[in-house]
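Chain and residue survey
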Amino acid sequence: MSAGELIPTAGLAKMDMSLIPMGSGRMGANGNSIIGRVGPTRWRLQVVTDYLDMDEARIWDAWLANRIHLGESFTAWRLFRLNPQGALGTADGAVTLTVDAANSQVSLGGVGPYVAMPGDMISYRTDTNGYYLGMVQASVAAISGTASNIPMIPRPLAKHATTPAVRRVQALGEFELATPLEPFEDYTNRQLSFEATQVLR
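The paragraphs below set out a description of the structure included in this document. (Residues numbered from 1 in each chain as written. Predicted model: local features only at pLDDT ≥ 70, side-chain atom pairs only at ≥ 80, totals over all residues. Heavy atoms only, no water.)

Describing the nonpolar core
Core analysis: the biggest nonpolar cluster contains 26 residues, and I7, L45, W60 and F74 have the highest contact counts within it. Broken down by secondary-structure element, the contributors of at least two residues to this core are β2 (12-27), β3 (33-49), α1 (54-69), β4 (74-76), β9 (131-136) and β13 (193-198). Here this core gets 4 residues from one element, more than from any other, and that element is α1. By size, the runner-up hydrophobic cluster in this structure holds 17 residues, among which are V106, L108, A116 and V166. (Core = buried A, V, L, I, M, F, W, Y, C linked by side-chain atoms within 4.5 Å. Buried < 20%, exposed > 50% of the residue type's maximum accessible area, 1.4 Å probe, protein only. Helix = DSSP H or I, 4+ residues; strand = E, 2+ residues; numbered from the N terminus.)

Quick look at the sheet that holds β9
Overall, antiparallel pairing links the 5 strands, which are arranged β5-β6-β11-β9-β8 in an open sheet. Sheet topology places β5 (96-100) and β8 (121-125) at the edges, where each strand pairs with a single neighbour. Across the sheet, the axes of successive neighbouring strands diverge by a mean angle of 40°, strand direction being ignored. In this sheet, strand β6 (residues 105-109) lies alongside β5 in antiparallel orientation, the contact comprising 5 bridges. Bridged to L97 within β6 is L108. (Pairing = 2+ DSSP bridges. Axes fitted to C-alpha atoms, helices over the stretch in contact; angles between N-to-C directions.)

Section: the environment of V95
One can find V95 in the loop between β4 and β5. Each C-alpha atom, one on V95 and one on R167, is 8.5 Å from the other, the two residues being 72 residues apart in sequence.

A few points about α1
For α1, spanning 16 residues, the distance from its first C-alpha to its last is 22 Å, which sits close to the expected 22 Å at 1.5 Å a residue. Taken together, the buried positions of α1 are occupied by A57, W60, W63, L64, N66 and R67. (Expected span 1.5 Å × (residues − 1).)

Scope: geometric values only; no functional claims are made or implied.
Below, the structure is given as structure tokens:
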């Protein structure tokens, strides 16, 4: 086991994500919320398993021990957004990436007849070997194999210089445990529930 290892799927029932702004907010005079940013927005992950049998429980127990004892991160995806909604076009692997952080956009090249749809997830490796995970905000159809200026939330990060490894299928984010876990033994019919916060680097 290691940092960045994929989360187990044995008995996994729910793996939900929501965005959390890093800052404080108040209601402005025009009715819009005003947020004082102290850092980039990141994803919050909530994980719930089914009632586990003994084999499933032992898989989770060993995996969680590394997260707790060694403080290792892990990678996860939005469970019910494994694939993009629109046409994938060319499979991930040789997709090129251009990042426009100032305008919160990315452009993908070599994607064939790809169509980005609102709610689709895109991830890539960052310049510090972390993970960017973002959600598409508007439909963009590729023209001549390039999907240009796809609006993303959160704001994109600088890409890895040589191998950004773009993923539109099973787009990954990196997380660390955010809640303490109750004592856990591997008897039958035990359920796990925990939260994690995205690691940005």
